[in-house]
Amino acid sequence: MLNEQGPQKARSVIDIRGLSLTFETNDGPVHALSNVDLDIREGEFVSFIGPSGCGKTTLLRVIADLEKPTGGEITVNGVTPEEARLARAYGYVFQSSALYPWRTIADNVALPLEIMGLSASERKERIARNLDLVNLGGFERKYPWQLSGGMQQRASIARALAVEPHLLLMDEPFGALDEIVRDHLNEQLLKLWAKTDKTVVFVTHSIPEAVFLSTKIVVLFPRPGRIYDVIESDLPRDRTLDIRETPEFLKIAHRVREGLRAGHSYEDS
Amino acid sequence: MTDAAYSSPMGKVDSPFSRLMSGTTGPVIVVVAVIVAVWYIAAALLNAPAQRDAFQRAGQTDVTLAEFVVATYAQERPVLPAPHQVAAEIWATTAEKAITSKRSLIYHSGITLSSTLLGFVLGTALGIGLAILVVHSRVLDKSLMPWVISSQTIPILAIAPMIIVVLNAINVTGLWPKALISTYLSFFPVTVGMVKGLRSPEIIQLDLMKTYSASGFQTLLMLRLPSAMPYLFASMKVAVAASLVGAIVGELPTGAVAGLGARLLSGSYYGQTVQIWSALIVAAVLAASLVTIVSIAERVVLRRMGMAR
Ligand SMILES: Nc1ncnc2c1ncn2[C@@H]1O[C@H](COP(=O)(O)OP(=O)(O)OP(=O)(O)O)[C@@H](O)[C@H]1O
Ligand SMILES: [Mg+2]
């Protein structure tokens with residue numbers, strides 16, 4: 001297993017150098033990303049954290065080839081993001097659930113599987129397994145509007161997991177959930193990540209969530225969006241929620257908080 | 001306080017009249033009654049001059065107002081026939097005639113309906129096809145849409161005879177020329193509605209398809225078409241009514257022997273206003289029924305898709 005050699009020796013999954021992205025808008029250019037360098041290796045769990053509007057979503061969308069950078073270089077699995085996307089290299093969880101209202105929950109999870117051309121029995125098995133994983137067993141035949149916002153978001157996570165991608169890009173997937181459900185899903189996600197070789201890139205606003213989940217925390221700064229700090233976490237791979245009380249955990253959380261404070265005061269000045 | 005104190009005002013609120021008026025039936029009856037009343041008044045006024053002449057010619061001078069009004073409702077070729085004259089004519093030419101009879105309005109409706117439906121199906125298919133092309137190609141959007149729109153600026157009465165004459169010249173007669181005029185009128189609302197509908201998915205829904213690297217065809221089938229369904233039905237309601245107009249207009253210039261259009265034409269040749277109005281009323285009922293059928297299909301389909309709550 002690659003992970004046993006330590007993340008540093010693992011294959012590079014995402015390699016970003018001098019990346020920048022400027023949106024041309026009616027009131028002039030918006031520098032969403034400026035000179036971003038980042039290396040993400042196989043098996044890593046990387047969190048982006050930073051004030052609202054600092055470019056977290058934009059950076060994730062560039063990796064997913066949903067946005068084209070205006071400068072710099074980026075490779076995903078050693079190829080361009082577009083080639084990676086066409087090879088279905090990643091699963092993406094959007095900031096909102098983006099379920100199709102005319103499909104039941106099961107059929108929404110089935111959507112990518114139909115596109116991939118999986119057999120009906122394979123689809124059925126994956127739907128059941130992934131809906132169970134997000135605690136939505138029994139809601140297969142409901143339509144999205146019959147579910148709460150948090151349940152819809154969980155369905156969209158099941159839909160991304162059902163693809164069984166090696167690279168998982170998640171944009172604030174648990175932002176709309178209550179604390180208890182969030183803790184549960186954090187544990188589930190961590191378990192899933194620990195037992196597979198998945199690489200996860202995860203956007204969040206929550207410091208405890210970022211520290212609990214990540215092997216690497218990237219703190220971003222706004223206007224223009226850029227990387228302020230990259231914190232490598234030395235917490236063990238298999239963690240439980242109790243770890244949040246340990247001094248090591250609190251030390252990392254403190255450093256993340258310092259970074260965020262700097263970002264906010266920078267914004268205010 | 002006793003129960004009676006409560007129940008008596010409640011009883012008032014629940015009187016049969018107020019119950020009727022709180023639903024849709026009551027107001028509909030009121031509207032129909034007003035229309036019929038206005039119609040009767042207008043018929044008396046419009047037919048009065050001819051009736052005065054008729055009485056004068058007959059030398060009758062001592063007619064009462066009541067007799068005069070009744071007489072205006074009983075002319076053979078009134079300017080505006082009274083509702084009961086039209087109703088009697090419709091009854092005589094539907095219920096009391098064999099369906100195969102050349103004088104049966106059901107027979108004529110059937111002829112018009114068949115070209116209406118053929119034209120509607122063709123127009124809807126053409127509209128959907130054009131919309132798919134327009135949505136998927138910027139070039140076609142720029143080059144095709146102006147033609148689609150300008151096609152509807154030409155008066156149908158001007159273009160219908162040309163279509164009929166040209167098609168007759170190449171030996172296409174009967175159902176098809178009329179159906180093509182229906183197509184000409186009905187493809188337009190479907191094209192416009194479907195272009196809007198196929199473009200209605202949100203960016204995030206399209207992005208999702210992109211992350212799966214779905215093909216254009218898969219995106220069309222699994223996202224754009226389902227999103228467009230409410231738009232399709234809205235435009236189909238307009239299209240089906242336009243198809244009926246097209247079929248009737250198509251029957252006028254051919255001197256067609258059958259169809260509601262032919263009844264209108266022969267009615268106006270011989271000044272048979274009662275026949276004209278019967279055909280008009282039947283055409284209106286037909287249009288309303290067609291739109292209702294599309295509405296029912298809309299409700300069934302959208303409910304089965306989980307889109308109607
Ligand atoms: N399509 C776009 N056109 C123009 N500007 C954009 C576009 N998308 C994002 N931006 C701008 O880029 C900046 C970064 O936006 P982004 O959505 O990446 O922020 P974020 O860090 O994800 O914020 P949040 O935490 O609120 O989700 C913002 O200033 C935003 O206004
Ligand atoms: Mg965001």
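Residues numbered from 1 in each chain as written. Chains lettered and ligands numbered in written order. Predicted model: local features only at pLDDT ≥ 70, side-chain atom pairs only at ≥ 80, totals over all residues. Heavy atoms only, no water.

Caption draft 1: Fine view of the overall build of chain A. The number of helices and strands found in chain A is eight helices and nine strands. Since a compact globule built from 269 residues should have a radius of gyration of about 18 Å, the 18 Å found for chain A is in line with a globular shape. Over its C-alpha atoms, taken along the principal directions, chain A stretches across nearly 55 × 50 × 40 Å. Among the 269 residues that make up chain A, the fraction classed as buried is 54%. The long-range share in chain A, meaning contacts at least 24 apart out of those at least 6 apart in sequence, stands at 71%. Taken as a whole, chain A presents about 11900 Å² of accessible surface, with 50% of it coming from carbon and sulfur. (Helix = DSSP H or I, 4+ residues; strand = E, 2+ residues; numbered from the N terminus. Rg over C-alpha atoms; globule rule 2.2 N^0.38 Å. Buried < 20%, exposed > 50% of the residue type's maximum accessible area, 1.4 Å probe, protein only. Contact = heavy atoms within 4.5 Å. Areas by Shrake-Rupley, 256 points an atom, 1.4 Å probe, with all protein chains shown as cover.)

Caption draft 2: The arrangement of the coordination of the magnesium ion (ligand 2) in detail. With distances of 1.9 to 2.6 Å, the protein atoms coordinating the magnesium ion (ligand 2) are Thr 57 of chain A (OG1) and Gln 95 of chain A (OE1). Separated by 38 residues along the polypeptide, Thr 57 of chain A in helix 1 (residues 56-63) and Gln 95 of chain A in the loop between strand 5 (90-93) and helix 3 (105-116) bring together distant segments of the chain. (Donors = N, O, S within 2.8 Å, 3.2 Å for Na, K, Ca; no water.)

Caption draft 3: Structural detail: the site of ligand 1. Residue and element names in this part refer to chain A. Taken together, 14 residues sit near ligand 1, with Ser 52, Gly 53, Lys 56, Thr 57 and Thr 58 positioned nearest. Mapped onto the shell around ligand 1, the elements with two or more residues apiece are strand 1 (12-25), strand 2 (28-41) and helix 1. Broken down by element, the residue count for the shell around ligand 1 peaks at three residues, all from helix 1. For the shell around ligand 1, the per-class residue count stands at four nonpolar, eight polar and two charged. (Near = heavy atom within 4 Å. Nonpolar A, V, L, I, M, F, W, Y, C, P; charged D, E, K, R; others polar.)

Caption draft 4: Just the packing of helix 7 (residues 138-151) of chain B against helix 9 (residues 175-198) of chain B, in detail. Residue and element names in this part refer to chain B. As a packed pair, helix 7 and helix 9 sit with axes 10 Å apart at the nearest point and diverge in direction by 135 degrees. The orientation of helix 7 with respect to helix 9, classified from their angle, is oblique. Here helix 7 and helix 9 pass one another in a crossing that is left-handed. Two secondary-structure elements touch here, helix 7 through Met 145, Val 148, Ile 149 and Ser 151 and helix 9 through Tyr 184, Phe 187, Phe 188, Thr 191, Val 192 and Val 195. (Axes fitted to C-alpha atoms, helices over the stretch in contact; angles between N-to-C directions. Parallel < 35°, antiparallel > 145°, perpendicular 65-115°, else oblique. Left-handed = near helix turned anticlockwise from the far one by under 90°.)

Caption draft 5: How the structure looks around the interface of chain A and chain B. Each partner contributes to the interface: chain A provides 24 residues, whereas chain B provides 20 residues. In total, chain A and chain B occlude about 2100 Å² of area from one another, counting both sides; carbon and sulfur atoms represent 63% of this. Among the residues chain A hides against chain B, the three largest losses belong to Tyr 100, Trp 102 and Ile 115 of chain A. Together they make up 32% of the total. Taken together, the links from chain A to chain B amount to one salt bridge. Across the pair Arg 61 of chain A and Asp 207 of chain B runs a salt bridge, and its minimum N-O distance is 2.9 Å. Across the contact surface, chain A and chain B share nine residue pairs in polar contact (both at pLDDT 80 or more). At the level of secondary structure, the elements contributing two or more residues to the side of chain A that touches chain B comprise helix 2 (81-86), strand 5 and helix 3 of chain A. Broken down by element, the residue count for the side of chain A that touches chain B peaks at four residues, all from helix 3 of chain A. When grouped by side-chain class, the residues that make up the side of chain A that touches chain B number 16 nonpolar, one polar and seven charged. (Buried area = accessible area lost by both parts, 1.4 Å probe. Salt bridge = Lys/Arg side-chain N within 4 Å of Asp/Glu carboxyl O. Polar contact = N/O pair within 3.5 Å; in protein donor to acceptor, adjacent residues only side chain to side chain.)

Caption draft 6: Representation of helix 6 (residues 179-195) of chain A. Here helix 6 of chain A contains 17 residues, and its C-alpha end-to-end distance of 24 Å stays within 8% of the 24 Å for a straight helix at 1.5 Å per residue. Structurally, the start of helix 6 of chain A carries an N-cap: the backbone nitrogen of Ile 180 of chain A is 3.0 Å from a side-chain oxygen of Asp 178 of chain A. (Expected span 1.5 Å × (residues − 1).)

Caption draft 7: Expanded view of the pairing of strand 8 (residues 216-221) of chain A. Residue and element names in this part refer to chain A. A large share of strand 8 lies buried, amounting to six of its six residues. Burial of strand 8 is two-sided: the residues Lys 216, Val 218 and Leu 220 facing one way and the residues Ile 217, Val 219 and Phe 221 facing the other way are all buried. Across four bridges, strand 3 (residues 45-49) lies against strand 8 in parallel orientation. Each bridged residue has a counterpart across the sheet, and for Val 46 the counterpart in strand 8 is Lys 216. Alignment of strand 8 against strand 9 (residues 226-232), held across six bridges, turns out to be antiparallel. Bridge pairing in strand 9 links Leu 220 to Ile 227. Hairpin geometry of strand 8 and strand 9 is characterised by an intervening segment of four residues between the two adjacent antiparallel strands and by a positive phi of about 45 degrees at Arg 223. (Pairing = 2+ DSSP bridges.)

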